[in-house]
Amino acid sequence: MARKQNGSRLVPILRLGLGSLFATALVLPSLYLAILNSIWAYLRSNAVYQASYFETLWTVICYSAIEPYITHVFIQNPDWRFGSPREPAGERARGTERTRPKGMRRPARRLGEGLTYIFPLLAMDLTMIKKFADVPIEAKLISGNYAPDLAASHSGHFLLPSVHNFTLDSPLQTTRALPVLAPSSRRLASELLLSFFIYDTAFFLFHLALHKVPILSSWHSTHHAHGPMHPQITNQLSIAERLGLVLLANFSLNIIGAHVLTRTLFVPIFVWLLVEVHAGMDVPWGLEKILPKGWAGGSRKHARHHAGGREGLEPFFGWWDGLLDWASSGEKPKSVE
Ligand SMILES: *[C@@H]1O[C@H](CO)[C@@H](O)[C@H](O)[C@H]1NC(C)=O
Ligand SMILES: [Zn+2]
């Protein structure tokens, strides 16, 4: 069997498929009206979807499916890894056999990692009222075990946290109030594009601070403590950094008033792209190959960041890194200092 060519045929197919999906979603929302309405009617009445901890659960499910899949691809394709003999000499490194790189853990050893992720988020889910866009304040109050006529004295704004009204009958915040209407496909597609752009910008700044501000750098050192790059490094994070990452994603969705269904779609795409950029290999379907040249960062650039480079601070796109490069290219060369 001929060796798989990295992405030669996949990329045009993905461009066409994803491109037409996005274009039709934006331009012809009537095409998706019926299907979105029935999906939303189903989800809205589903008890698991109504649970306050649905997004925490959903993120764990998505991560537990996506990361092991990309790890499998990594194990199966040693010659795609950065550092394999196929790579340019400068990037060649240790260990290219079909093995796990040092530091990669077996699934059974990762329960603790899962629990440290879940615990702080679950604690918030079970104590605070969810405040999503397009949900009437009365519905939010009812979900938090308050009388709906308290609307005048409570804020439904996402930036003002409200604690559940704990009683014996209702000791925890177990549900979340959902919008009545489904979003249009135009709204879904534009909210997704916008939220990824906002997150990418926000995380770029956060990441820059993690590298430049000495007090913060201890939060980030966990993420950089590893040998050769591999997909599991995606979630090798200090609790503070992981929480920062989740809160920034939440903020990026909240600030544009994203529909709950947008949030649900955001999670798998977000997790996918995050694992992809940490893959430590030349991913054949990489975002940097699908988007026009220079628009996305890609796993190679991010691996260079992990190897100590100054570039690749952006998680998904490449514009801010480009700007930073351009701005700092006027600086004195390091050797002069
Ligand atoms: C995410 O944002 C919603 C508001 O839309 C808020 O209710 C929820 O507590 C936030 N979750 C986290 C983990 O911050
Ligand atoms: Zn970093």
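These remarks concern the structure in this document.

Reading the values: rules and limits
- Within every chain, residues take consecutive numbers counted from 1 along the sequence as written.
- Working convention: letters from A go to chains and numbers from 1 go to ligands, in the order in which they are written.
- Local features in this predicted model are restricted to residues of pLDDT 70 or higher, and side-chain atom pairs are both shown and tallied only at a pLDDT of 80 or more, whereas totals for entire chains, interfaces and linings draw on every residue.
- Note that water and hydrogens are dropped before the side-chain values are worked out from all heavy atoms of the structure.
- In this description, a line fitted to the C-alpha atoms serves as the axis of each element, helices being fitted only across the stretch in contact, and the angle between N-to-C directions of two axes falls anywhere from 0 to 180 degrees.
- To qualify as a helix, a DSSP run of H or I must reach at least 4 residues; to qualify as a strand, a run of E must reach at least 2; elements of each kind are numbered from the N terminus.
- Angles below 35 degrees are treated as roughly parallel, those above 145 as roughly antiparallel, those between 65 and 115 as roughly perpendicular, and all remaining angles as oblique.
- Left-handed describes a crossing in which the near helix is turned anticlockwise from the far one by less than a right angle; the clockwise case is right-handed.
- Residue contacts are counted whenever heavy atoms from the two residues lie within 4.5 Å of one another.
- Gly is put with the polar residues, along with every residue not named as nonpolar or charged; the nonpolar set is Ala, Val, Leu, Ile, Met, Phe, Trp, Tyr, Cys and Pro, and the charged set is Asp, Glu, Lys and Arg.
- A molecule or strand has a residue near it when one of that residue's heavy atoms lies within 4 Å.
- The definition of a polar contact used here is a pair of N or O atoms within 3.5 Å, where within protein one atom must be able to donate a hydrogen and the other to accept one, and adjacent residues in sequence count solely through side-chain atom pairs.
- Note that accessible areas follow from Shrake-Rupley with a 1.4 Å probe, and for residues the cover is restricted to the protein chains shown.
- Distances up to 2.8 Å from the metal define which N, O and S atoms are donors, and 3.2 Å serves for Na, K and Ca; water is absent from the atom set, so sites may look incomplete.
- Partly exposed describes any residue whose relative accessible area lies between the buried limit of under 20% and the exposed limit of over 50%, with all areas from a 1.4 Å probe on protein chains only and scaled to the type maximum.

Examining the packing of helix α9 (residues 239–254) against helix α10 (residues 260–277)
Logical step 1: The geometry of α9 relative to α10 is characterised by a closest axis approach of 12 Å and an angle of 135° between their N-to-C directions. Between α9 and α10, the crossing angle belongs to the class labelled oblique. Both α9 and α10 take part in a crossing whose hand is right-handed. For the pair formed by α9 and α10, the contact residues are Leu245, Ala249, Asn250, Leu253 and Asn254 on the first element and Thr262, Arg263, Phe266, Phe270 and Leu274 on the second.
Logical step 2: A breakdown of the residues in the contact of α9 with α10 according to their chemical character gives six nonpolar, three polar and one charged.

Points about the site of ligand 1
Logical step 1: Close contacts around ligand 1 come from Leu121, Met124, Ile129, Lys130, Lys131, Phe132, Phe158, Leu247, Asn250, Asn254 and Arg263, and that covers them all.
Logical step 2: A distance of 2.8 Å separates an oxygen atom of ligand 1 from a polar backbone atom of Lys131.
Logical step 3: Contacts to ligand 1 include Asn250, whose side-chain N or O atom sits 2.5 Å from an oxygen atom.
Logical step 4: Relative to its unbound accessible surface of 360 Å², ligand 1 loses 90% to contact with the protein.

Describing the coordination of the zinc ion (ligand 2)
Logical step 1: For the zinc ion (ligand 2), the protein coordination sphere consists of His207 (NE2), His211 (NE2), His220 (NE2), His224 (NE2) and His305 (NE2), at 2.1 to 2.2 Å.
Logical step 2: For the zinc ion (ligand 2), all donor residues lie on one chain, and their spacing in sequence is H-x3-H-x8-H-x3-H-x80-H. Separated by 17 residues along the polypeptide, His207 in helix α7 (residues 185–212) and His224 in helix α8 (residues 214–224) bring together distant segments of the chain.
Logical step 3: His207 sits in the buried class, given a relative accessible area of 1%.

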